[in-house]
Amino acid sequence: MPEQNRQKFLLHTCCAPCGIAVIDELRQNYDLTVYFYNPNIYPLEEYKKRKAEVIKLCKEWKINMVDDDYENEKWFAAIKGLEQEPEGGARCSQCFILRLGEAAKKAKDLGCKYFSTTLTMGRFKKAEVINPIGKIAACEYGLEFFDEDWKKKGRQEKRDKMVKERGIYLQKYCGCMFSLKNMELREKNKSIN
């Protein structure tokens, strides 16, 4: 599609491994901007690693990228009272609400018609939870939410191949301090057995 006819599209990207195949697909047909807003990622060093990989990918493909503030305190305020929730529970939904709300706001500010998120590429992330949250955020700002389960249609396999070929940093946990603790517990249990 000719550059001048492309609709503006904002893609909230949680990390390069989840984003790479999605970005590659969307950049073919849209005037794409990648949006990095992930105040949940812990610790700060991990946040910086993940952000650096997204920056590197966007530079390579000459894609616009908007990097918002870390705002870890804002994330903790959003999930207050949900600290004991299991992984994938209400705490995660609140995290999605925060991040997709900010993504919709940014998409509106940038004049985008569409927005989406790479969160559904995560193997433990459920599109049936994430996509309705995205649609609500889209309605609030008069946008259209591109509700895909990015794991499907061969994209997961494409992602795995692209990550391996490029040597992209592949994290071992979702991002927040609670998922880090869960991963450490799983690793400990594996070593015991």
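Preceding this section is the structure that the text describes.
A quick note: this is a predicted structure, and the numbers were derived from the prediction, not measured. (Residues numbered from 1 in each chain as written. Predicted model: local features only at pLDDT ≥ 70, side-chain atom pairs only at ≥ 80, totals over all residues. Heavy atoms only, no water.)

1. What to know about the side chain of Glu-53
Logical step 1: Relative to the helices and strands, Glu-53 resides in helix H2 (residues 44-61).
Logical step 2: Under the relative-accessibility criterion, Glu-53 is labelled buried at 14%.
Logical step 3: Once you skip the residues sitting within four places of it in the chain, Glu-53 turns out to touch Ala-16, Ile-168 and Tyr-169. (Helix = DSSP H or I, 4+ residues; strand = E, 2+ residues; numbered from the N terminus. Buried < 20%, exposed > 50% of the residue type's maximum accessible area, 1.4 Å probe, protein only. Contact = heavy atoms within 4.5 Å.)

2. Structural notes on the layout of surface pockets
Logical step 1: Here the largest pocket is characterised by a volume of approximately 810 Å³.
Logical step 2: Taken together, 33 residues form the lining of the largest pocket, with Arg-123, Phe-124, Lys-125, Tyr-173 and Cys-174 sitting closest to its centre.
Logical step 3: Secondary structure elements with two or more residues in the lining of the largest pocket: helix H4 (90-109), helix H5 (127-141), helix H6 (155-166) and helix H7 (177-192).
Logical step 4: Considering every element that reaches the lining of the largest pocket, the biggest residue donor is H7, with 6 residues.
Logical step 5: Among the residues forming the lining of the largest pocket, the class breakdown is 14 nonpolar, 8 polar and 11 charged. (1 Å grid on protein atoms, 1.4 Å probe; cavity = no way out; pocket = protein on both sides within 12 Å on 5 of 7 lines; lining within 4 Å. Points joined across faces, edges and corners; volume = space filled by probe spheres on them. Nonpolar A, V, L, I, M, F, W, Y, C, P; charged D, E, K, R; others polar.)

3. Observations concerning the nonpolar core
Logical step 1: Counting residues in hydrophobic clusters, the biggest one holds 54 residues, and the most contacted among them are Ile-23, Leu-26 and Phe-115.
Logical step 2: Broken down by element, this core gets its largest block of residues, 8 residues, from H4. (Core = buried A, V, L, I, M, F, W, Y, C linked by side-chain atoms within 4.5 Å.)

4. Details of the packing of helix H1 (residues 16-26) against H6
Packed helix pairs are characterised by how far apart their axes lie and by the angle those axes make with each other.
Logical step 1: Packing of H1 against H6 leaves a shortest axis separation of 8 Å and a crossing angle of 110°. Taken together, H1 and H6 sit at an angle that is classed as roughly perpendicular. Contacts between H1 and H6 involve Pro-17, Cys-18, Ile-20, Ala-21, Asp-24 and Glu-25 from the former and Arg-155, Lys-158, Arg-159, Met-162, Val-163 and Arg-166 from the latter.
Logical step 2: In terms of residue class, the contact of H1 with H6 is made up of 6 nonpolar, no polar and 6 charged. (Axes fitted to C-alpha atoms, helices over the stretch in contact; angles between N-to-C directions. Parallel < 35°, antiparallel > 145°, perpendicular 65-115°, else oblique.)

5. As for empty space enclosed by the protein
Logical step 1: All told, the structure shown has 1 cavity of 30 Å³ or more when counted by the stated rule.
Logical step 2: Computed from the structure, the largest cavity encloses a volume of approximately 80 Å³.
Logical step 3: A total of 5 residues in the lining of the largest cavity trace back to one element, the largest contributor, which is H4.
Logical step 4: For the lining of the largest cavity, a count of residues per class yields 6 nonpolar, 1 polar and 3 charged.

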